[in-house]
Amino acid sequence: MITLNTFKARFNQVFRQPRPIGFLVGVIIIAIVTTATLMACSWAAGTEHSVRFNPYRTPSDFGRLPHMEKYWRAKNESANDAKVFSSWGELTEFEWELREREEKNIVETINNLWREAEQEEQSGNLFSLRQTLSEFLTLTSAENLSRQISLTDLQWRRNAAFDKLDALTALEQGSPASLIQKYLNARSLYDTQIPSVGILESLSELRTDKNLKDNVAYLEAATLYRLQDEKAADAFAKIAVNFFKSEKREAALFMYAVVTMKRSKVFTGDKRESLCQDCPDDYLLKAQSAFQRFLSEFPQGRYWGDALGWLAYLSFKTGNKVRALANYYRMLGSQNESAKVEALFSLNFVRNHANDDELRQVESEIEDEPKAALAYAYHNLYNYAPFRAIDWEDDEEQRKIKISREYRRIVEFANRMVNRHPKNSTGGAFMVRLAEGNFELEKFSEAAQYARQALRLGINKELRAEALWVAGVAEYHLKQYPTARVALATLIKENPNNRYTEGARRNLAMLEEDAGNLEAALEQYLALDYRHDAAYFCEVLMKTEQLAKFIDSRQNLKNRDELLYVLGLRYLRDFRWEDARKIFSGIRPTGRSVDGSYLNDTNYYNYGEQESEVKLRLFDPHIRGIRPQWLEQDLRTTDELQRLDNNYRLATDDESRAEALYQFASFIYQSSLLFYNPVWRNNRHYMLYEFFEYGAFRQANESQLLFDYMQKHDMAARALEIYLEVVKKYPNTRAARDALYTAAVCHERLREYNNYWREIYAEGGHAGERMVTYKEVKRSYPDYRFPLGTLGWEPATRTVNGGPGWADLPKPKPKPTLKERALRYAKATAKLARKKIRKTFWFGVNLLLTSLKMLWAFTYGVYKCLWFGCAFVFTCLLYKWASEARWLLRDELARCESRPRKTAEEKETAGDAILLSTNLTKKGEIEPLLSRLDAYLNKDLRDEWKVYAQDIYYKIKQLKQYERGKSLLALSAATHLLLGILLIQLLGAYK
């Protein structure tokens, strides 16, 4: 990241020297570098399908068995199609677009298949229709279609396909094709229109056919169901009774249970809350009984998973979480892929609601069902514990405690099951779960021991694969490399392309690397198609001769040309021209236009690309091989570097030798991607930086190996070494001056070149044997003139941005004559006099203004004091006059007559009247209960003030009837008003 200090240092280095054209360019470059850095730091380069460049997992996470996947893919895909080991679907935006396009193609294929079935139905080609519908159901089954792919109306299409295939069985039983065609038309009409009685009437002729009458009855019941007719449940029940051997009996029993369930309170009530487990609901009980009967009659039926799922749902909604979880784990342990997927989705929501006591009850309920119990243990170990058991707001310690508690639960459960089945294959299966639980608790010795015991008990298939996995990885953690290697190799051999293969090869690769066998580790990465890990091994970890020996000893490698290409780049990087040319010439390239369709799909074509940009061009990741454009560029680079090297060797004096070596270094500095392997796909320095930043090194000297690789790979770092060699060997030549200056430019460029070098320089490190600054250049060559700018400096031609590297020296000015000197002196004297006069004038003006300001301040202060004094005296006088006015007004008010009051008899009479009007009973009698309350009425403070105000007002009205009273009222109002105004003014002046 660019810090403030780094930005300041960058700014000072760019603009420290006077550069006439560098300012604006420098600002633009810094803005671009800053923006690019922030963008680069905002996303993580890497892929899930990698070991070193995996931002999602640590090496210890690779030992965990894979979790149960909710999205299933086809089992019959080949390795090339399934891409079990390929990382090339996750790297770039273009490849995500290709993946989305591939999913759209799958959707289009399914839609085309359905349209083809509709056309065959309309044309009456019933045999082809049956084949097309079967193909459609196979393609859209849970085993073959990922749930991530959304298809409109997929379920009703599958329902229609099943129904039509059931009707087509009547063709082999002797029913006329015309009747079957009529039924198919009615079934299609049912799907495309709102059901009506007309559909049922059109089927009257078909009821006489013994092979189709069950299909007709089912379609009639389905029509009633869509019309929400209450007779739908009875119609489905009659089909199950009347057509006991019909293929529609299974669907009828299932639909009877569904229809009955949807009339229960679970569906008609509030679905947001669970219902009472003991609440009476006849429809709910009937539905549960119907689903149970269906499961007993069709334990391997088409709708088995749906029926068990509905039972689990009903149990959960009525508060029976134990029965719900048990049923979901039964679905998870079955061989029905669709049921597994639904169970995994449901458990994501249901599992968190169960407490420890309920889970113990679940374990007790499924103890006699090994498949469900094993599914429960595996799901808890690898789906629930690491992801769902924790609250992401917890701290790290709380998360570890919660996860460890779940693992211990499974260990205890597996121990009980092992003791219950001590010596048979079931006991071996739970021995595997016991090993897995101990492994997750990092008890590797116990995990390896239990896994080996399970293998000796004769477990097979997936359980054997899991036991081999746990044994191999646990022994790898215990550094028992020989036995761990055999276990993982056996696992890979027995599972060449399934959910265990990738993880097994990952762990085997790490094991071989830790054991010091880099060649065997590289073999695993090549088998996994982890191209970034393989490139890192070939370019960084392995020595050049070691890589050459690896390739020579494996002549039948599928990726031989790609490894040879890396070897050729390493020879080129080591300046071994003949070896590099020999390797490049022996590679069999692909066709020149193999990426044409890919570039068209991604809308990417760089028609005006430079020669150095060839390796940056996108290419189809699914087409292996080396592009001829890369080889052509590398061979041209080899020829040019060899020519410059020969010029240096053939030079006769120091000046020419220094210049030849300087040009050799300048060619490298000004070039781009000379030693770049396009397999990194423009993510090299991002991946290497994140790998370097998080310290995911697996070898003791790996950090230094990476640093050496970066110095040899990046052009500025590689050229820096040669520039310093020029200065060291030929210090007194012209080329040495420019070489030392360019070495400082190399350091400046590397400081912000990419994230890796930015981190190295920020921590005080640097490329090359020493740090070169511009001060050192000036100190070593005091008379050296710096070029016009560092940005755009082209050392090979000694130019800046294609223009001259240095400004022309100014011509010496001629000596002035006596007249010119006298005139210059006169102008200088006049200028000085003007300056003195201007300074004196403005001094006087400022002095005058200051005096006026002081005089005004003094005058205003005197005025404020006089005003305050006068106002204070007048206020005192007004206070005296107001007091006298109040005394006179009070005396006059005392002479006025008082307001007349009511007598006690009048009050009592008025109170009794009120009571008579408000307190009559239902019988018309008077309640005397409130007759005494009048004595307590109108006695609060508010009423007292009200009476006082009424008395004053009564007397004031008397005063206004004669002249003296009016004068006293006016005098009192005027004096008090003026007194209030003066007091407010005085307070304002004081403030």
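These figures come from a predicted structure and were not determined experimentally.

Further remarks concern the overall build of the protein chain. The number of helices and strands found in the protein chain is 42 helices and three strands. For the protein chain, buried positions account for 46% of its 991 residues. Summarising the internal contacts of the protein chain: among those between residues at least 6 apart in sequence, 66% fall at separations of at least 24. As displayed, the protein chain has an accessible area near 54400 Å², and 55% of this comes from carbon and sulfur atoms.

Moving on to helix α20 (residues 425-440). Working note: α-helix, 3.6 residues per turn, so residues spaced by three or four point in the same direction. Its 16 residues give α20 an end-to-end C-alpha distance of 23 Å, which sits within 8% of 22 Å, the value for a rise of 1.5 Å per residue. Count one or two residues on from α20 and you reach Glu 442, which has phi positive near 65 degrees.

Counting 211 residues, the largest nonpolar core has Trp 680 and Trp 757 as the members making the most contacts within it. For Trp 757, the residues in contact, after removing those within four places along its chain, are Phe 707, Met 710, Gln 711, Asp 714, Ala 717, Leu 750, Arg 751 and Ala 767. Ile 149, Leu 165, Ala 186 and Tyr 190 belong to the second-largest nonpolar core, a separate cluster that totals 34 residues.

Once that is clear, we can look at the pattern of salt bridges. Here the structure, examined in full by the defined rule, presents 58 salt bridges. The partner of Arg 323 in a salt bridge is Glu 365, and the shortest N-O contact between them spans 3.0 Å. Here Glu 365 lies in helix α17 (residues 356-366) and Arg 323 lies in helix α15 (residues 321-332), a separation of 42 residues in the sequence. The salt bridge partner of Arg 592 is Glu 632, with a shortest N-O separation of 2.2 Å. Taken together, the residues span a long stretch of sequence, with Arg 592 in the loop between α29 (577-585) and α30 (596-601) and Glu 632 in helix α31 (residues 628-650) at a distance of 40 residues. Within the structure, one salt-bridge network assembled from shared partners comprises Arg 52, Glu 513, Asp 514, Arg 698 and Glu 702.

Summed over the entire model, instances satisfying the criterion amount to four cavities of 30 Å³ or more. Around the largest cavity, the lining comprises 21 residues; the ones closest to its centre are Arg 531, Glu 562, Arg 624, Asn 677 and Val 679. For the lining of the largest cavity, the secondary-structure elements that each account for two or more residues are α25 (518-528), α26 (531-541) and α28 (560-573). Considering every element that reaches the lining of the largest cavity, the biggest residue donor is α26, with four residues. Within the lining of the largest cavity, the residues separate by chemical class into 13 nonpolar, three polar and five charged.

In this section: unusual backbone geometry. Located in the positive-phi region is Arg 798, a residue other than glycine, with phi close to 55 degrees. Along the chain, the position of Arg 798 falls in the loop between β1 (793-794) and β2 (799-800). A relative accessible area of 10% places Arg 798 in the buried class. Despite not being glycine, Asn 801 has its phi angle at roughly 55 degrees, a positive value. Along the chain, the position of Asn 801 falls in the loop between β2 and β3 (803-804). Exposure remark for Asn 801: the relative accessible area of 48% places this residue in the partly exposed category.

Let's shift gears to the packing of α20 against helix α22 (residues 461-477). One can describe the packing of α20 onto α22 by two numbers: an axis separation of 10 Å at closest approach and a directional angle of 30 degrees. Crossing of α20 over α22 shows left-handed handedness. Residues Ala 429, Val 432, Arg 433, Ala 435, Glu 436 and Phe 439 of α20 form the contact with α22, whose own contacting residues are Leu 463, Glu 466, Ala 467, Val 470, Val 473, Ala 474 and His 477. Grouping the constituent residues of the contact of α20 with α22 by class yields nine nonpolar, one polar and three charged.

Moving on, we come to the packing of helix α18 (residues 370-384) against helix α19 (residues 396-420). Between α18 and α19, the least distance of the axes is 10 Å, while the angle of their chain directions is 160 degrees. In this view, α18 runs roughly antiparallel relative to α19, as classed from their interaxial angle. As α18 packs across α19, the resulting crossing turns out to be left-handed. Where α18 approaches α19, its residues Ala 373, Tyr 376, Ala 377, Asn 380, Leu 381 and Tyr 384 are matched on the opposing element by Glu 406, Tyr 407, Arg 409, Ile 410, Phe 413 and Met 417. Looking at the contact of α18 with α19 residue by residue, the classes come out as nine nonpolar, one polar and two charged.

The next subject is the environment of Gly 301. If you trace the backbone, Gly 301 turns up in the loop between α13 (282-297) and α14 (304-317). Distance from Gly 301 to Asn 336, taken between C-alpha atoms, is 9.7 Å for residues 35 residues apart in sequence.

What follows concerns a positive patch on the surface. Residues Lys 831, Arg 834, Lys 835, Lys 836, Arg 838 and Lys 839 make up a contiguous surface patch of positive charge. Position of Lys 831 among the secondary structure elements: in helix α39 (residues 818-895). You can call Lys 831 exposed: its relative accessible area is 57%.

What follows covers the sheet that holds β3. Across the sheet, which stays open at both edges, the three strands sit in the order β1-β2-β3 with antiparallel pairing between neighbours. Of all the strands in the sheet, the pair left with one neighbour each is β1 and β3. Across two bridges, the pairing between β1 and β2 is antiparallel. Bridge assignment links Trp 793 to a residue of β2, and that residue is Val 800.

On the surface, a nonpolar cluster with roughly 1100 Å² of combined accessible area is contributed by Trp 856, Tyr 860, Tyr 863, Trp 867, Phe 868, Phe 872, Val 873, Phe 874, Leu 877 and Trp 881. Looking at where Trp 856 falls in the secondary structure, it is placed in helix α39. Look at Trp 856 and you get exposed, because its relative accessible area is 61%.

Per-chain confidence: the protein chain averages 81 in pLDDT, with 84% of residues scoring 70 or above. Every residue in residues 72-83 is under pLDDT 50, and counting partners more than four places away or in other chains gives 22 contacts. A low-confidence stretch, residues 913-938 stays under pLDDT 50, and its non-local contacts, those more than four residues away or across chains, total 12 contacts.

Turning our eyes to something else, we now look at the packing of aromatic side chains. Enumeration over the complete set of coordinates arrives at 40 aromatic pairs. Taking the centre distance of 6.0 Å and the plane angle of 75 degrees together, the rings of Tyr 784 and Phe 786 count as edge-to-face. With relative accessibility at 5%, the residue Tyr 784 sits in the buried group. An aromatic cluster is built from Tyr 741, Tyr 774, Tyr 784, Phe 786, Trp 793 and Trp 806, whose rings are joined through pairwise contacts. Lying across the ring of Tyr 218, Lys 248 places its NZ or CZ 4.3 Å from the centre. In this structure, Arg 749 is placed above the aromatic ring of Tyr 669, and the distance from its NZ or CZ to the ring centre is 5.1 Å.

Procedures and definitions
Residues numbered from 1 in each chain as written. Predicted model: local features only at pLDDT ≥ 70, side-chain atom pairs only at ≥ 80, totals over all residues. Heavy atoms only, no water. Helix = DSSP H or I, 4+ residues; strand = E, 2+ residues; numbered from the N terminus. Buried < 20%, exposed > 50% of the residue type's maximum accessible area, 1.4 Å probe, protein only. Contact = heavy atoms within 4.5 Å. Areas by Shrake-Rupley, 256 points an atom, 1.4 Å probe, with all protein chains shown as cover. Expected span 1.5 Å × (residues − 1). Core = buried A, V, L, I, M, F, W, Y, C linked by side-chain atoms within 4.5 Å. Salt bridge = Lys/Arg side-chain N within 4 Å of Asp/Glu carboxyl O. 1 Å grid on protein atoms, 1.4 Å probe; cavity = no way out; pocket = protein on both sides within 12 Å on 5 of 7 lines; lining within 4 Å. Points joined across faces, edges and corners; volume = space filled by probe spheres on them. Nonpolar A, V, L, I, M, F, W, Y, C, P; charged D, E, K, R; others polar. Axes fitted to C-alpha atoms, helices over the stretch in contact; angles between N-to-C directions. Left-handed = near helix turned anticlockwise from the far one by under 90°. Parallel < 35°, antiparallel > 145°, perpendicular 65-115°, else oblique. Patch = residues over 30% accessible without salt bridge, like charges linked within 9 Å, V, L, I, M, F, W, Y side chains within 5 Å. Lys, Arg positive; Asp, Glu negative; His and termini not counted. Charge placed at Lys NZ, Arg CZ, Asp CG, Glu CD. Pairing = 2+ DSSP bridges. pLDDT = per-residue confidence, 0-100. Phe/Tyr/Trp six-rings, centres within 6.5 Å; stacked < 30°, edge-to-face > 60°. Lys NZ or Arg CZ within 6 Å of the ring centre and 35° of its normal.

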